[in-house]
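Reading the structure
The residues making up each chain are set out below.
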Amino acid sequence: MTFKQQLIDWRRELHQNPELSGQEVATTTRIRHWLESAGLRLLPYSLATGVVAEVGHGDKVIALRADIDALPIHETSGVAFSSRNDGVMHACGHDVHSSVILGAALLLKEREAQLAGRVRLLFQPAEENFTGAKALIKAGALENVSAIFGMHNEPGLPVGTFATRGGAFYANVDRFVLRVKGKGAHAARPHEGHDPIVLASQLVIALQTIASRDIDTLDSVVVSVTRIQGGNTWNVLPENVELEGTVRTHRADIQKQVEKRIREIATGLASAFGAQIEVEWFNGPVTLINDEQWAAFAMQLAQSVGYQTQTSQLHMGGEDFAVYLQTIPGAFVSIGSASPYGLHHSAFNPDEALIEDAARYFATLAEQALLKN
Ligand code: NI
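All of the points below concern the structure found in this document.

What counts, and where the lines are drawn
Each chain carries its own residue numbering, running from 1 in the direction its sequence is written. Given that this is a predicted model, residues contribute local features only at a pLDDT of at least 70 and side-chain atom pairs are listed and counted only at 80 or more, while totals for whole chains, interfaces and linings are drawn from all residues. Side-chain figures throughout are based on the complete set of non-hydrogen atoms in the structure, without hydrogens or water. At least two DSSP bridges between two strands are needed for those strands to be called paired. A run of H or I in DSSP counts as a helix once it spans at least four residues, and a run of E counts as a strand once it spans at least two, with each numbered from the N terminus. In what follows, residue pairs with any heavy atoms lying within 4.5 Å of each other are defined as contacts. Angles shown run from 0 to 180 degrees and are taken between the N-to-C directions of axes, each axis being a line fitted to C-alpha atoms and, for helices, limited to the stretch in contact. Note on terminology: angles under 35 degrees are roughly parallel, angles over 145 are roughly antiparallel, angles of 65 to 115 are roughly perpendicular, and the others are oblique. Note: crossing handedness is left-handed where the near helix turns anticlockwise from the far helix by less than a right angle, and right-handed where it turns clockwise. Nonpolar residues are Ala, Val, Leu, Ile, Met, Phe, Trp, Tyr, Cys and Pro. Charged residues are Asp, Glu, Lys and Arg, and all others, Gly as well, are polar. Note that water is not among the atoms used; donors are N, O and S atoms within 2.8 Å of the metal (3.2 Å for Na, K and Ca), so sites may look incomplete. Burial classes: relative accessible area under 20% of the type maximum marks a residue as buried, over 50% as exposed, and values in between as partly exposed (1.4 Å probe, protein chains only). We define a nonpolar core as any set of buried Ala, Val, Leu, Ile, Met, Phe, Trp, Tyr and Cys residues linked to one another through side-chain atoms lying within 4.5 Å.

Here's the deal with the sheet that holds strand S5 (residues 145–154)
Reading across from one edge, S1-S2-S4-S3-S5-S16-S6-S15 is the order of the eight strands in this open sheet, with mixed pairing throughout. Because the sheet does not close on itself, it has two edges, and the strands there are strand S1 (41–42) and strand S15 (308–311). Across four bridges, strand S6 (residues 161–164) lies against S15 in parallel orientation. In the sheet register, Phe162 faces S15, and the bridge partner there is Thr309. Where helix H3 (residues 94–110) meets the sheet, its contacts fall on strand S2 (51–56), strand S3 (61–67), strand S4 (118–124) and S5, and the angle it forms with S3 comes to roughly 150°.

Shown next, in the form of structure tokens:
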């Protein structure tokens with residue numbers, strides 16, 4: 001079997017057997033088996049799911065990371081190798097990322113004698129719920145690693161296209177819950193209560209002024225209210241309304257400023273309407289910040305091996321790879337997968353033609369990164 005076909009077969013096997021974040025047991029078994037069969041050393045970390053392997057010898061270590069989890073989506077792509085696990089789908093292409101890094105592992109094994117150090121291969125669980133990177137770091141996966149690289153397929157780019165950027169790339173992801181506590185009343189006698197529905201409505205509009213009136217227009221910020229719940233019938237003003245939403249930014253100071261403004265607006269409106277608004281804040285993944293030099297290095301190599309390269313736009317989504325980059329430098333890159341349907345869509349169908357080239361790229365990237373200071 002050709003190298004290319006091997007990687008496609010592995011990708012299809014992973015695709016047919018997707019598992020949710022933190023439940024990647026069979027996926028872990030498969031990847032361990034494939035790596036061991038190719039002669040790679042598995043590192044004895046105690047991980048519930050996920051695999052870490054190594055190739056090469058010496059003090060210097062470069063890491064390559066793939067993510068392995070799938071999403072709670074019923075697949076409608078129609079491909080012959082569709083998910084056999086109904087309601088779960090590799091709709092983000094982590095099966096593709098895994099096969100790419102498996103391919104890189106095989107190529108590095110062939111070149112083991114000439115490697116100027118070790119390459120550590122991280123098959124990370126639980127990217128989608130942003131807990132896997134932390135778990136691998138806790139297990140020791142970044143010990144002695146001088147730089148780390150990873151990829152995401154990009155359905156909007158043609159196969160053969162490569163993009164990245166130095167500095168901030170993916171956004172930080174915060175979640176908020178706002179609990180409006182008013183005073184219920186008969187719907188015909190609103191003056192006897194403090195209507196939390198009218199207040200919640202004002203609140204949604206007021207929150208939109210953060211992006212439009214508080215933050216410099218040249219800085220990226222998204223404030224989205226995504227859920228409103230309150231009331232249960234037509235003739236009663238309820239006591240409470242709950243709102244939930246998300247904030248995306250690329251800078252810690254702006255993230256803080258947005259949170260501060262949300263709290264100020266909530267407090268101010270609550271007092272103006274004789275009600276209370278409780279703010280609960282959840283910090284999600286941090287901004288993914290690529291090292292400028294490693295991003296440039298990754299881009300130059302991509303160009304030299306024949307990719308069409310471009311500088312990425314800022315991405316408003318979150319990516320768990322950001323957590324590694326808080327600890328050590330490295331670069332996260334996008335590789336075109338030309339899917340007619342986007343990430344997290346039930347008909348997502350990345351072009352497998354990207355896999356072999358990306359595997360060769362990452363093997364060379366790691367090999368050359370070992371030669372850098
Ligand atoms: Ni993804």
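So, next bit.
Some remarks on the environment of Met89
Of note, Met89 is situated in the loop between S3 and H3. Expressed as a C-alpha distance, the spacing of Met89 and Val223, which sit 134 residues apart in the sequence, is 29 Å. If we ignore the near neighbours within four places in the chain, the residues touching Met89 are Pro18, Ala70, Leu71, Ile73, Glu75, His345, Ser346, Ala347 and Phe348.

Focus: the packing of helix H1 (residues 3–16) against helix H2 (residues 25–37)
Between H1 and H2, the least distance of the axes is 10 Å, while the angle of their chain directions is 165°. Relative to H2, the element H1 lies roughly antiparallel. Taken as a pair, H1 and H2 cross one another with a handedness that is right-handed. The residues of H2 that touch H1, namely those facing Trp10, Glu13 and Leu14, are Thr27, Arg30 and Trp34. Taken together, the residues of the contact of H1 with H2 break down into three nonpolar, one polar and two charged.

Observations concerning the coordination of the nickel ion
Bound to the nickel ion are the protein donor atoms Cys92 (SG), His94 (NE2) and His152 (NE2), situated 2.1 to 2.2 Å from the metal. Taken in sequence order, the residues that donate to the nickel ion follow the motif C-x1-H-x57-H. Of this pair, Cys92 sits in the loop between S3 and H3 while His152 sits in strand S5, and the two are 60 residues apart along the sequence. His152 carries the same exposure label as Cys92, and that label is buried.

Topic: the nonpolar core
For soluble globular proteins, nonpolar side chains are generally found buried alongside one another. Of all hydrophobic cores here, the largest spans 55 residues; its most connected members are Leu35, Leu64, Leu121, Phe123, Phe149 and Phe362. If one sorts the elements of this core by residue count, helix H9 (residues 354–369) sits on top with 10 residues. Contact partners of Leu121, with chain neighbours within four places excluded, come to Leu40, Val51, Val52, Ala53, Val55, Leu64, Ile101 and Ala105. In terms of nonpolar packing, the next biggest core, distinct from the first, is built from 27 residues, Leu178, Val204, Ile262 and Ala270 among them.

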